[in-house]
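# Report on the structure
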Amino acid sequence: MIEKTELVLKKQHERNLRPLISFFVTAISLLVIFAIENISPFGTRTFFMSDLAAQYAPNLIGLKNHLTAGGSLLYSFELGMGKNVCGTLAYYLSSPFNLITFLFPSEMIQEAVVTLVIMKLSTASALMTWLLDCKFEAKRNISILFGLMYALCSFCVTFMFNIMWLDGIALLPLVILTLEALVKNAKKWPFFVLTLFILFVSGYYMAYMVGAFSFLYFIGLLWFHGDFGRG
């Protein structure tokens, strides 16, 4: 009996390591891809284009310079011709991941953005692996592969330069996980609410889509568990 209990604990410990493994596998894979394609910091190529070059990166630099200089959150001349900081912060820069940019000097904004992309997609991979482990009680490391596939799907690769979209991709598995916990136990609602709060604060552009999906997923879960037929 003791040996059986120890075996179960060992399997649970191994399963809990899969999200962490998935995180580092995705991070290393992205670094290898960037190195092969000579993308900064490994070469002269960059994926700075469209809104990333025109809005996201300049706003990240502007906010960093503004806050490190002790500026107010109400108004700044570092952003464009001068504007209210709160609106720009809420729309572009409120992701907790953006704190990483404070570790880089302004002239290394390309390296900072690459780090942001790697961190967000690696988190997406880890959370998807965690979701699969919890939902299907996976006993094999194939959940790591599916986490990697999720983070490196064509949507993520194609729209990698829209860094504010990646938070929604990263948090979607966590939304599903907490929603399933809510359906099984109504007392778990604070976890779901907290996840949605972080999601919408991080970037509402993708958050409202994830929110709409979570509502449809919630209806599907109720139907699957037969809750609609209960009197």
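Residues numbered from 1 in each chain as written. Predicted model: local features only at pLDDT ≥ 70, side-chain atom pairs only at ≥ 80, totals over all residues. Heavy atoms only, no water.

### As for the environment of S94
Selection rule: Elements are defined by DSSP. Helices are runs of H or I of four residues or more, strands are runs of E of two residues or more, and each kind is numbered from the N terminus. Relative accessibility under 20% of the residue-type maximum defines a buried residue, over 50% an exposed one, and the middle range a partly exposed one, all with a 1.4 Å probe and only protein chains included. When checking whether two residues touch, look at their non-hydrogen atoms; a contact exists if any pair is within 4.5 Å. A 3.5 Å cut-off defines polar contacts: any pair of N or O atoms within that distance qualifies, except that in protein one atom must be a possible hydrogen donor and the other a possible acceptor, and neighbouring residues in sequence count only when both atoms are side-chain atoms.
Within the secondary structure layout, S94 lies in the loop between helix 3 (85-93) and helix 4 (109-136). A relative accessible area of 19% places S94 in the buried class. Residues S94 and M164 lie 70 residues apart in sequence; the distance between their C-alpha atoms is 9.1 Å. With residues up to four places along the chain from it excluded, the contact list for S94 reads L89, V201, S202 and G203. A polar atom in the side chain of S94 sits 2.2 Å from the backbone oxygen of V201.

### What to know about the packing of helix 2 (residues 50-68) against helix 4
To keep things clear, this is the line we draw: Interaxial angle, 0 to 180 degrees, is taken between N-to-C directions of lines fitted to C-alpha atoms, where a helix line uses only the stretch in contact. Here the word oblique covers every angle except those under 35 degrees (roughly parallel), over 145 (roughly antiparallel) and from 65 to 115 (roughly perpendicular).
At a minimum axis separation of 11 Å, helix 2 and helix 4 run at an interaxial angle of 100 degrees. Classified by the angle their axes make, helix 2 and helix 4 are roughly perpendicular. Contact residues: helix 2 offers L52, A57, L60 and I61, while helix 4 offers I109, V113 and L116.

### Topic: the environment of L194
As for its placement among the helices and strands, L194 is situated in helix 8 (residues 189-202). The exposure class of L194 is partly exposed, given its relative accessible area of 49%. Remark: the alpha-carbon pair of L194 and V175, spanning 19 residues in sequence, is separated by 9.6 Å.

Remember, this is a structural readout, not a statement about activity or role.
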